[in-house]
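Here is what each chain is made of, one letter per residue.
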Amino acid sequence: MIGRTLFTAWLLGSLTLAISIRDIVRDDSSCEGRCDDAFDSSYPCQCNTACASHSDCCADYASVCQGGSGESCKGKCGAHYDPSLACQCNDKCGQYGNCCPDYGEECGGGDGGSLSDQDLVVLSEMLISDDANNVGGKIQLNLQCTTNNGNPQDCSPAPLFTSVDPSVMEMPIYVKLAALYDNYVTSPGTVEDHTEEEQMEEMALIEEMAGTAVMKTTYQFLVEKGVFTGTEEDWQRFLYDTWFGMYDRARAILGSSGFEHVFIGEIKNGVVSGFHNWFHWYMLEKAGELNYLGYWETAEFGPDMEHGGGISFTYTWNGTQKPYGSMFLATSPELEMALYTTCLMTRPDAKCHVDPGRYRCLYSDMDAPCGGECLGGEQLS
């Protein structure tokens, strides 16, 4: 008994000594012993697969955690162009011939052009049919006056949204989407803190989306067409890296992401930029932050917006005007992300025509979120 007690005391003392020594001599800026650890705000840099997307990897991440070559896309899918690297891991690398050898395996990199225009139409119709979180019929609009692009005159005294059924607020996908609304500042020129809690909220949204019929159909369609070659887990990681990887929209700091630009909206140089999601738009209008001015075009996906619709319009956000705004109405966030992602992968530098509800929409400026000017931006046609 005495021997066991002494051994236990010795063991605890040794562990305490080891921890104390490790804490004293640890190098906070190194990945030694930290590869694939969860985000830890006590460290100045990180050593997990998300660090490349958030530009907070330690300097020795590639050498310590990626086998030393630096020529791997592990944890770097969708990362913005880095001239210091021997190869790249974003959707532009095929165009410039500088993809890392494992780009296809790690990032699901396809040839970027294996969907025909008819394929896009077929996929969009499939997704509308699968869109279980579509709330067409649960929103009421008051369109009021017609106007024109950039007209600052307010000819619509009432809000655009008359009502949204309270049940929408309780749907899991919209609960998880709304959880992200307080994570961002409107200016892309301001550094986002991007905390661990915020990253968990982002992943929760991606996981919720990935489990829907819309995203499963999108994944299967892209795999069958050879556009994406990874597993479902790879697809989920690709979505996260693509939409939540931080990048430099203000040409100075990492203050933006594709998700923030498209689903949240930004204000840059006195103009509202991005902002193509109806649910966030409704929430801000309800809070008194948006003033609807008027519209010039609408679309209905099915009779009486059975499957939602779209609108081209103008408005102000806390006094700053969006001269030309456009967004889907009542469609689910996963449907929007699925279509935007497909266009980004297959038409990164060209117009992307889709046909939800047999009403053609045109996505323009589908540049990669890492350094691009716009991800999204639908026009009705």
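Located above this text is the structure these notes cover.
Here's a quick rundown of the structure.

1. A word on the overall build of the chain
Reasoning step 1: Along its length, the chain carries 13 helices and ten strands.
Reasoning step 2: Classification of the 381 residues of the chain by burial places 50% in the buried group.
Reasoning step 3: With the model as given, the accessible surface of the chain reaches about 16600 Å², and the carbon-plus-sulfur share is 52%.

2. What to know about the state of the cysteines
In protein structure, a disulfide is the covalent linkage between the sulfur atoms of two cysteines.
Reasoning step 1: Counted by the stated rule, this structure contains four disulfides.
Reasoning step 2: Here Cys45 is linked by a disulfide to Cys58, with a sulfur-sulfur distance of 2.0 Å. Across the S-S bond of Cys45 and Cys58 the torsion is about 85°, and the bridge reads as right-handed. Taken as a pair, Cys45 in the loop between helix H1 (2-25) and helix H2 (51-54) and Cys58 in the loop between H2 and helix H3 (61-65) lie far apart in primary sequence, 13 residues in all.
Reasoning step 3: For Cys45, a relative accessible area of 8% puts it in the buried group.
Reasoning step 4: Using a relative accessible area of 4% as the deciding quantity, one classes Cys58 as buried.
Reasoning step 5: Linked covalently through their sulfurs, Cys87 and Cys100 form a disulfide whose S-S length is 1.9 Å. On the S-S bond that ties Cys87 to Cys100, the torsion sits near 85°, and the link is right-handed.

3. Structural notes on the packing of aromatic side chains
Reasoning step 1: Under the definition given, this model contains 26 aromatic pairs.
Reasoning step 2: Here the aromatic cluster, defined as three or more aromatic residues joined through ring pairs, consists of Phe161, Tyr174, Tyr181, Phe275, Trp278, Phe279, Trp281, Tyr282, Tyr292, Phe313, Tyr315 and Trp317.

4. Considerations on the packing of helix H10 (residues 232-244) against helix H13 (residues 333-346)
Reasoning step 1: Following both chains from N to C, one finds H10 and H13 inclined at 85°, their axes separated by 12 Å at the closest point. On the basis of the axis angle, H10 is roughly perpendicular to H13. Across the interface between the two elements, Trp235, Phe238, Leu239, Thr242 and Trp243 from H10 touch Met337, Tyr340, Thr341, Leu344 and Met345 from H13.
Reasoning step 2: Residues that form the contact of H10 with H13 fall into these classes: eight nonpolar, two polar and no charged.

5. Describing the sheet that holds strand S7 (residues 320-329)
Reasoning step 1: The strand order across the open sheet formed by three strands is S5-S6-S7, and the pairing between neighbours is antiparallel. Sheet topology places strand S5 (290-300) and S7 at the edges, where each strand pairs with a single neighbour. With direction set aside, neighbouring strand axes in the sheet form an average angle of 20°.
Reasoning step 2: Where helix H12 (residues 278-286) meets the sheet, it contacts S5, strand S6 (309-317) and S7, and its direction lies at approximately 150° from that of S5.

6. Quick notes on the side chain of Glu334
Reasoning step 1: Note on placement: Glu334 falls in helix H13.
Reasoning step 2: The buried charged residue Glu334 lacks any salt bridge partner; its closest oppositely charged side chain belongs to Lys176, at an N-O distance of 11 Å.
Reasoning step 3: Excluding residues within four positions of it along the chain, Glu334 makes contact with Asp131, Asn133, Ile173, Met209, Thr212, Val214 and Met215.

7. Quick word on helix H6 (residues 117-130)
Reasoning step 1: If you check H6, its first and last C-alpha atoms are 20 Å apart, about what 14 residues at 1.5 Å a residue would give, namely 20 Å.
Reasoning step 2: The inward-facing, buried residues of H6 contact helix H9 (213-224), H13 and strand S8 (352-354).

Conventions adopted
- Residues numbered from 1 in each chain as written.
- Predicted model: local features only at pLDDT ≥ 70, side-chain atom pairs only at ≥ 80, totals over all residues.
- Heavy atoms only, no water.
- Helix = DSSP H or I, 4+ residues; strand = E, 2+ residues; numbered from the N terminus.
- Buried < 20%, exposed > 50% of the residue type's maximum accessible area, 1.4 Å probe, protein only.
- Areas by Shrake-Rupley, 256 points an atom, 1.4 Å probe, with all protein chains shown as cover.
- Disulfide = S-S within 2.5 Å.
- Phe/Tyr/Trp six-rings, centres within 6.5 Å; stacked < 30°, edge-to-face > 60°.
- Axes fitted to C-alpha atoms, helices over the stretch in contact; angles between N-to-C directions.
- Parallel < 35°, antiparallel > 145°, perpendicular 65-115°, else oblique.
- Contact = heavy atoms within 4.5 Å.
- Nonpolar A, V, L, I, M, F, W, Y, C, P; charged D, E, K, R; others polar.
- Pairing = 2+ DSSP bridges.
- Lys, Arg positive; Asp, Glu negative; His and termini not counted.
- Salt bridge = Lys/Arg side-chain N within 4 Å of Asp/Glu carboxyl O.
- Expected span 1.5 Å × (residues − 1).

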